[in-house]
Amino acid sequence: MDSSRPRAGSLIIGGFGGIGSALAAELERREPEGLVLRSSRQPPEADGLRLDLEDPDSMEQLAAALPGVLQAGNAELRRILVCSGTLHAPEQKPERRLADLQAAAFQRVMNINALGPLLLARALTPLLAKDSPTMIASVSARVGSIGDNRLGGWYSYRCSKAALNMGFRTLAHELRRTHPLCTPLLYHPGTVDTALSAPFTRQPGAQRTVFSPAQAAGYFADVIAAHSDTHELAFVDWKNTAIDW
């Protein structure tokens, strides 16, 4: 490593959740010379940065604080990795039919899963290194694929991930002009044993492949490495197989 260059800094949004926490550990293991920063809506007092995908002010506050944090760690921002999202809440379940659709729940899912990452990109992409390969990646979902929708249902979640995908596709055109060394990436991790998927994976008789957070993080890190210097938008799964838009 060239000691005269800043360290590679990775910022994980949702870095204390199931996938985000495991990804932070995986990147620290693979890249011990780098700096991994984590944010959360309510981070541990000494270990993280505050970021709420429903609060644009928190994004601007993070953007203002981040240069000092990076400078203190002798690092430059090379990766923004969004691992946050929502599927359900105690008062909100994925819709099985149109009659279940509720405006407030739909808007909240859209704000967190689609609008939040784009507002975050608006706040943080100006901080990305300009002369090094960089990346902005977000966890998406195969159910956000319009071409792959064969079952229906889950209106809010499907629409939010489809909107996220379109947002990143639009962002990719802009990044070619402003950050030509930046790779935009959308990643489907499969079904992971986290609080998000628990109501659907722990039911009696549920039959699907479920990855541990550590497995999911390993696959995500593999995909990040595979796309680290392509500078082209991709929407892929944990096997690095392209998903139909």
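Residues numbered from 1 in each chain as written. Predicted model: local features only at pLDDT ≥ 70, side-chain atom pairs only at ≥ 80, totals over all residues. Heavy atoms only, no water.

1. A closer look at the nonpolar core
Inference 1: Grouped together as the largest cluster of nonpolar side chains are 32 residues, with contacts concentrated most on Leu11, Leu66, Ile80, Leu120, Leu124 and Ile136.
Inference 2: Those elements that provide at least two residues to this core are strand E1 (7–13), strand E2 (35–40), helix H2 (56–72), strand E4 (75–82), helix H3 (103–124), helix H4 (155–178) and strand E6 (182–188).
Inference 3: When residues in this core are grouped by element, the largest group, 6 residues, is from H3.
Inference 4: Among all residues touching Leu120, those that are not within four sequence positions of it are Ile13, Leu51, Met59, Ile80 and Val82.
Inference 5: Counting residues in each nonpolar core, the second largest holds 23 residues, with Leu27, Val36, Val192 and Ala221 among its members. (Core = buried A, V, L, I, M, F, W, Y, C linked by side-chain atoms within 4.5 Å. Buried < 20%, exposed > 50% of the residue type's maximum accessible area, 1.4 Å probe, protein only. Helix = DSSP H or I, 4+ residues; strand = E, 2+ residues; numbered from the N terminus. Contact = heavy atoms within 4.5 Å.)

2. Things to note about the sheet that holds E1
Inference 1: The strand order across the open sheet built from 7 strands is E3-E2-E1-E4-E5-E6-E9, with neighbouring strands paired in parallel fashion. Of all strands in the sheet, those bounded by a partner on one side alone are strand E3 (49–50) and strand E9 (234–237).
Inference 2: As judged from the 2 bridges shared by E2 and E3, these two strands associate in the parallel manner. Bridged to Ser40 within E3 is Arg50.
Inference 3: Contacting E1, E4 and strand E5 (134–139), H3 runs over the sheet at an angle of about 170° to E4.
Inference 4: Here helix H6 (residues 213–226) sits on the sheet and contacts E4, E5, E6 and E9; the angle it forms with E6, its principal contact strand, is near 150°. (Pairing = 2+ DSSP bridges. Axes fitted to C-alpha atoms, helices over the stretch in contact; angles between N-to-C directions.)

3. Section: the pattern of salt bridges
Inference 1: Taken as a whole and judged by the stated rule, the model has 15 salt bridges.
Inference 2: Ionic pairing is found between Arg41 and Glu54, a salt bridge with its closest N-O pair at 3.2 Å. Taken together, the residues span a long stretch of sequence, with Arg41 in the loop between E2 and E3 and Glu54 in the loop between E3 and H2 at a distance of 13 residues.
Inference 3: Judged by its relative accessible area of 34%, Glu54 is partly exposed.
Inference 4: Between Asp148 and Arg150 there is a salt bridge, with the nearest N and O atoms lying 2.4 Å from each other.
Inference 5: On the basis of relative accessible area, Asp148 is assigned to the partly exposed category, the value being 24%.
Inference 6: When its relative accessible area of 66% is taken as the criterion, Arg150 is described as exposed. (Salt bridge = Lys/Arg side-chain N within 4 Å of Asp/Glu carboxyl O.)

Coordinates in, geometry out; function isn't part of it.
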